[in-house]
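Descriptive structure summary
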Amino acid sequence: MLSLAVALTLTTAAHAATAVLIPRDKQAPDPAILSLEEMSVDITIDNNDARIFITQIFLNHTANIEEGTYNFALPSGSTVSDFAVWDAAVRIPAVILERKRAEEVYAQARLQAIDPGLLQMGERDDADPAHTAIFSAKITPIPAYGTKRLELEYHQRIDTTAFKQAFILPLKPDAAGEQKVHKFHVHLTLHTAHPITNLKLGPAYALNIAQQDAHGLTATFDATDTLLADDLTATWNLDPAAADTLEIVTHRDPAAPQTNPGETAPTPTIGPEPGFFQASALIGEGTAKPATNDAAPPRIILVLFDNSLSMQWEKLERSYGAAEGLLHKLRPTDRFNIILFNQDTAAFQPTPVPADTAHIQAALDFIRASKLRGGTDLGKALAAALAQSTEANTSLVLLTDGGSDRGVTILPGKIAANYSRAWHALPHPPHTNIFAVGDDANIGLLRLLAKNDGILEQVRSTEPLDFHLEAFLAKLTHDPVTALTLDVTPTSAAQFVYPLDDTIYTGSIASWIGQYTKPTTLDLTLRGNRNNAPITIRAKATLPATNLDHPQLPRLWAQARVDALLDQINREGESRAAIDEIIRLARRYKLVTPYTSFLAVPRSLLRPRVIRPGDPVLRVRTDPAIASVIAIFPFGLTKPLRHLASEDTPETGDAGGHLWETRFLAPDDMKDGTYAVRLILRDTAGHTYREEKTFVIASTPPTVKILLPANQLHRGQSIQLRATASASTRTLTARLQGLAPISLRWNTASAANQGTLTIPPDMPIGTYTLSVTAEDIAHNLGSQEVQINVLP
Amino acid sequence: MASAQARRLLIISAAIATLLSLSIFAILYRVHSTLSDTSRAVADAHRLAYTLAPLSPPPNPGFEPITSPASFRSAAALEGHLFLAGPAALNMYSASGTLERSFRTGIDLPSAPLGPIAVARLRTHARPQLLIATAGAGVLIYDPTAQTFTQLLPANAALRDVTALATLSSGELLLGTHRSGLLTFDGKTLALFRTEYANIAITALLAAGDDVWAGTQDHGLFHTHAGITDHFDTQLPDQHIETLAASGNRVFAATPLGIALFEDGRPARTLAPGTFAHALFADTNSLTLSTLAGETQALALTSTRLHASLTETSDPAEQFLTLDTSGDLYAVRRNGLFRRTASRWTAVLQPTPAALTDNNIAALAFAPDGRLWVGMFDHGLDILDTSATAPTQHLEDDHLFCINRIALDPQHHTMAVATANGLVLFDSVGKPRQVLTRRDGLIADHVTDVVYTQLPTGDTRMTLATPAGLTFVDATGVQSLYAFQGLVNNHVYALAASADGNEILAGTLGGVSLLAHDAVQRNLTIANSGLRHNWITAALADGTGYMIGTYGAGVMRLDRTGHFTPMEGATRDMVINPNALLATPTHILAGSLGQGLWSYSRTMQRWTQITAGLPSLNVTAFATRDGNLYIGTENGLVRIPESKLPQ
């Protein structure tokens, strides 16, 4: 009997592939069952907002009615604004409901043997945190030899760093999975108020530019039988010459608002909406240019590294990667310290030490040798960091998921208030920079902390670390523009004006969004402090009676308003008025909030909520109405599951419900691979549901083979490092002493996992060990090491 | 002239006719010959090697069972006797219900759990016999007259796992196998019944006359009749068939989502939709069913609605049957045989009380008070007075469930029980006092092993193995490490502390990590050492080194220098069960998966395989006290004086 190393996982955990419809019983798209016949992507980038509307038609090639799981990996900063499934000629849209109501509807639907997909904010699925970053819904029925049309719309904020903006449409599959589309159409419209330069469209999809000017372009791509092997990307620069000007865009529909034919959100409302305006300023370098990194005065970096249990797995690795990248960016004249924290704190050194190679390596070893402890006292950790912040030019870098369950207070508002009070009391308060990791990061708390002269960057589990880390580190080397405000006169002409960005640096865009009720003219004045010099930008704006351009503004404003209300709740506690307004706005503009759920209409059979990774113990979380669960294993074992009543929680959804458990032995002749266990669930009303989950027999760690073109590399040389690994591999990371870790990602063209290895120009000549480590879904590790010689 | 011509024509015609006849005959002969050859070849191809011999179990070296529940699964009546079978024994009762004999697996019968039993008269015998399916030892045939067993043992081990039995009216025996399809035995030949059944997992069999119905694990239902086989899958509520029953022209197939009714061999409708029946009995007017949840209900065959006239909430019925001419319905439950009288079930036979509450043993340890703690694989914990002077104490709750390891704190004389749902700490009188889980800082809820060491301060430290790494519990709190800190693999299954307590060995799925001073000092794998298999399942300190059990390379010794030495005789492709290693002053014992007990004599420096006397060849746990060894298996617990092991 194979008694060990049986990892159970949700079907979608192994493949975070995007925009795919995975047939039931499968782990990856299978075009022999469900092929992607058509895919149309309409991308509208209007200043800093990208609206992506995707239509996909899948064809069922079988004589059976099929069902599948639709997955879409959401980029960070994006929110789903609509989702719909077509049932023949009927479009079935998703709806936003108050969370309690959504759960009632959900429970009602479940009793009818249907399962509406339920997307909620703040759910913590301990089976796989990646799930909260993946929009997922069961699609059924898909008629035999018929088609199923799906529509997904989401909005994404386009960040600006060092005058650069980038847009990525995630099409590249995770691991070795791939998807082909028979007819593929992309329409891209880019328009910015600020003139752009150096516009580059990614080479993977050769877009035809129909029109282009200094403020944008229109381009299309049409192809047949296209392999979706790479992301669709576009990068451009904002012209610094146009910096330090305020650009104002508006939207006002005086009649009862009609939905733009292509815009499925916001939904029509009963009464007329007010007008909305957005003011944006590209902040230039100014005349008092900052010192370059080399010439800048030495800095002191205090790294607060969260090594509590909640950071286990990917979050810890990503935080370590961020720490590694940060330390290697420091100059020897800089000083740093590492403070590990969980329920206690442990400092690398009593006081900051020079950032020389020896200290950096010792610090990284210190992190690696540290052990995890349960519980987190973020307040204590912040106090420890402030105690070491005794000099000017000090930055605190917090690497965490923001969880805090120990200490004087666990209320986010109070933690932030206490910190802010202590921070203001210091003679040299440090920049409070935060690199948030994980999909379940407590962004509300971290945003409040970052308001203390810092920045907040979040990387989600579905995103590569590199891009976000690069942006974070770039901002660290600059001082933010401080005391940034937007004055509007007459003040009565505009209401509820909110900043859209927490921290602004030179080379980035500061935006505000507000409401207006009557057409008028506004005087706007931006004030701030840039590189220790005041900055003032003025503009006059006409707020029109009618302007149907920029339809994203109402929803953008609503999101800002909801964020402000949530901040208020974080600081002052819940109030009925705030909650009611959040629910009203969320329903009107399709926002997922802690008080509302996005009830996606595609329906499926009831699914057990959580099957945790682990050894031969099968755990299933179900809705409270379930009265019995029986597992039918593929090797001939049928076992009822035991209800662990002490583990029950009242909530529904992934985090709550009833917990069921049984233990099993898989026969020893079962090969490594993925198997299905069938679950028969019966509720108190006597309804029976049949569900299937997969488990992975993973008795051997993944194997890795490094494909190195040469083992003699010159300083400054870059090579494409390739490696192959077992199919079960989930992440593949290359490490070379002294360099930040390199994530290797699947590349269809080279049929291997690939990443760029660059030897630093100042790397000492010698022999180094390059290791590539693979981790599979059961957290088994396999690695290979090769020696490389660094030459002059 | 004309007549001569006519004669000539006649002669020619006759010759042609003769030639044609000869040709046709030759052709027919060749066709027949070819068909016969083909038939023989096909038959030969389907013929399977086997032995049919009187059962003569090897002598029991001295194992004595600690009684575990009978867990009856099946019953049959034969020549005035009543037989009830469970995985661990076949009990024979008199008509008055007196236990006459008990045939125990491993001692009187092969070391293989018993499956369903049936009474049939085989073609080669004049009188009915009792047929007993086993999971691993083929079919046992009991002759009540001679009071002897005969064993039908296929040569191919995969064919020995028999799940269902039935006999045709011709006296041929049908054997449903766990994964190798349906076999037939006519007394002389063992063969695949039909090609349609090859490599199918058979779950249930029903023979009505010469019609054969076979339920499968996930391929629906087969029906062979008049030389043809019908296959039903999409017509069923579900592809899994749990059990079958028949009455007249009706056949009932229980699936997880309802009972498929067949009339005259054709699917008619689904009864009790949504009901997962485990046992069925049909008569002309009603269908009695029992679910895995323990509900026994009767269904009037004129309705699709269940009549809840009979409802039981006790153990589910494993089988319904009639045993005598009265037509009374009996239910075999794990806790006895019950008869339906009027509308109630009354116990007819109940097994004698057992010392243990379950037979699937996962962990053993002696407490300082001399009581034996027995952890169950998917149940709780028994605390057993081995002298049988006090009743067994059974503990089971949401945490004390799925036991992996029981460890004694040598300093405080308390016990810790590692389970799939946390670590349960007991006080010195055996009461559970605290449960540690991930909420308390463990790196995972699932704890696979525990080892105690003493810190320089004199305090005790617990090191816990989990599938997510190691957790240390001591006076300073709870802290954890895993692959991030250098552990060779996150999945840790076995721990051992060096004799001086300064070093911890962590056996993982990916090799061995040696830790000292809270840090990984060294990782040993098949790539950088003499280790023959990376997957470590058991470990213990022995002398100055360690003994290592592996999943597929038997037992190895690891010395202080990191050098592995194979333990010759126990290093072939053998799987050592989790934590199934024990060292005594004279022996090292290893529990294997399917290969019994392995005993190493330190005197003779030789391994010996022991299979006789064990209730199962899957040996899972050990404990020792006062010269007695206690050996846990997946099918019961036995003890033996250590002196009776090969010295």
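In short, a report on the structure. Since the structure is predicted, the reported quantities are computational estimates derived from the model, not experimental observations. (Residues numbered from 1 in each chain as written. Chains lettered and ligands numbered in written order. Predicted model: local features only at pLDDT ≥ 70, side-chain atom pairs only at ≥ 80, totals over all residues. Heavy atoms only, no water.)

Describing the packing of aromatic side chains
Any two aromatic rings considered together are summarised by their centre-to-centre distance and by the angle between their planes. Note the cut-off: In this analysis, rings of Phe, Tyr and Trp, with Trp reduced to its six-membered ring, are considered paired at centre separations within 6.5 Å, and the interplanar angle assigns stacked below 30 degrees, edge-to-face beyond 60, and tilted for intermediate values. A run of H or I in DSSP becomes a helix once it reaches four residues, and a run of E becomes a strand once it reaches two; helices and strands are each numbered from the N terminus. The rule is simple: take the accessible area with a 1.4 Å probe, protein chains only, and divide by the maximum for that residue type; under 20% is buried, over 50% is exposed, in between is partly exposed. Any Lys NZ or Arg CZ that is within 6 Å of a ring centre and within 35 degrees of that ring's normal is treated as a charge sitting over the ring.
Applying the stated criterion to the full structure yields 32 aromatic pairs over all chains. An angle of 50 degrees between the planes, with centres 5.1 Å apart, marks the rings of Phe435(A) and Phe472(A) as tilted. With Phe435(A) in strand β27 (residues 431-437) and Phe472(A) in helix α7 (residues 465-476), this pair connects stretches of sequence that are 37 residues apart. For the pair shown, Phe435(A) and Phe472(A) are each scored as buried. On the basis of an interplanar angle of 80 degrees and a centroid distance of 5.2 Å, the ring pair of Tyr50(B) and Phe185(B) is categorised as edge-to-face. With Tyr50(B) in strand β2 (residues 50-54) and Phe185(B) in strand β14 (residues 182-185), this residue pair connects regions lying 135 residues apart in the sequence. On the basis of relative accessible area, Tyr50(B) is assigned to the partly exposed category, the value being 24%. An aromatic cluster is present here, built from Trp313(A), Tyr320(A), Tyr482(B) and Phe484(B) joined pairwise through their rings. A cation over a ring is seen here: Arg368(A) above Tyr320(A), with NZ or CZ 4.2 Å from the ring centre. The ring of Phe338(B) carries the charged tip of Arg333(B) above its face, separated from the ring centre by 4.7 Å.

Here's the deal with the sheet that holds strand β24 (residues 277-282) of chain B
Sheet strands associate in pairs through backbone hydrogen bonding, adopting either a parallel or an antiparallel arrangement. Residue and element names in this part refer to chain B. Convention followed: The pairing criterion is simple: DSSP has to find at least two bridges between the two strands. Axis geometry follows a simple rule: fit a line to the C-alpha atoms, using only the stretch in contact for helices, then measure angles between N-to-C directions, giving values from 0 to 180 degrees.
Strand order in the open sheet made by the three strands is β24-β25-β26, with antiparallel pairing throughout. The open sheet has two free edges, formed respectively by β24 and β26 (296-300), since each of these has just one partner strand. For this sheet, the mean inter-axis angle between neighbouring strands, taken without regard to orientation, is 25 degrees. By the bridge criterion, five bridges tie strand β25 (residues 286-291) to β26 in an arrangement that is antiparallel. Within the sheet, the bridge partner assigned to Leu287 lies in β26 and is Leu299.

Section: helix α3 (residues 357-369) of chain A
Our working rule: Helices are assigned an expected span. That span is 1.5 Å times one less than the residue count. Whether two residues touch is decided by their heavy atoms; if any such pair falls within 4.5 Å, the residues are in contact.
Taking 1.5 Å per residue, 13 residues should reach 18 Å; α3(A) reaches 18 Å between its end C-alpha atoms and fits that length. For α3(A), the secondary structure elements touched by its buried residues are β21 (300-306), α2 (314-329), β22 (335-341) and β45 (729-736) of chain A.

Focus on the sheet that holds strand β39 (residues 658-663) of chain A
Residues and elements named next belong to chain A. The strand order across the open sheet built from three strands is β35-β39-β38, with neighbouring strands paired in antiparallel fashion. Bordering the open sheet on either side are β35 (617-622) and β38 (642-643), each of which pairs with just one other strand. Direction of pairing for β38 relative to β39: antiparallel, over a ladder of two bridges. What sits directly across from Arg642, in β39, is Glu661.

Quick notes on the interface of chain A and chain B
A common way to express how large an interface is: the accessible area buried when the components associate. Put simply, the test is: A side-chain nitrogen of Lys or Arg and a carboxyl oxygen of Asp or Glu constitute a salt bridge if their distance falls within 4 Å. Polar contacts here mean pairs of N or O atoms no more than 3.5 Å apart (in protein, one a potential hydrogen donor and the other a potential acceptor; neighbouring residues in sequence count only if both atoms are side-chain atoms). Any residue outside Ala, Val, Leu, Ile, Met, Phe, Trp, Tyr, Cys, Pro, Asp, Glu, Lys and Arg is labelled polar, Gly included; the first ten of those are nonpolar and the last four are charged.
With 60 residues of chain A at the interface, the matching set in chain B holds 58 residues. Connecting chain A to chain B are four salt bridges. For Arg642(A), the salt bridge identified is with Asp398(B), shortest N-O distance 3.8 Å. Inspection of the chain A/chain B interface yields 22 residue pairs in polar contact (both at pLDDT 80 or more). Split into classes, the residues belonging to the side of chain A that touches chain B amount to 28 nonpolar, 13 polar and 19 charged. Examined bridge by bridge, strand β25 (residues 372-373) of chain A and strand β42 (residues 477-481) of chain B share two bridges and lie antiparallel to one another. Pairing of Leu372(A) across the sheet is with Ser480(B), part of β42(B).

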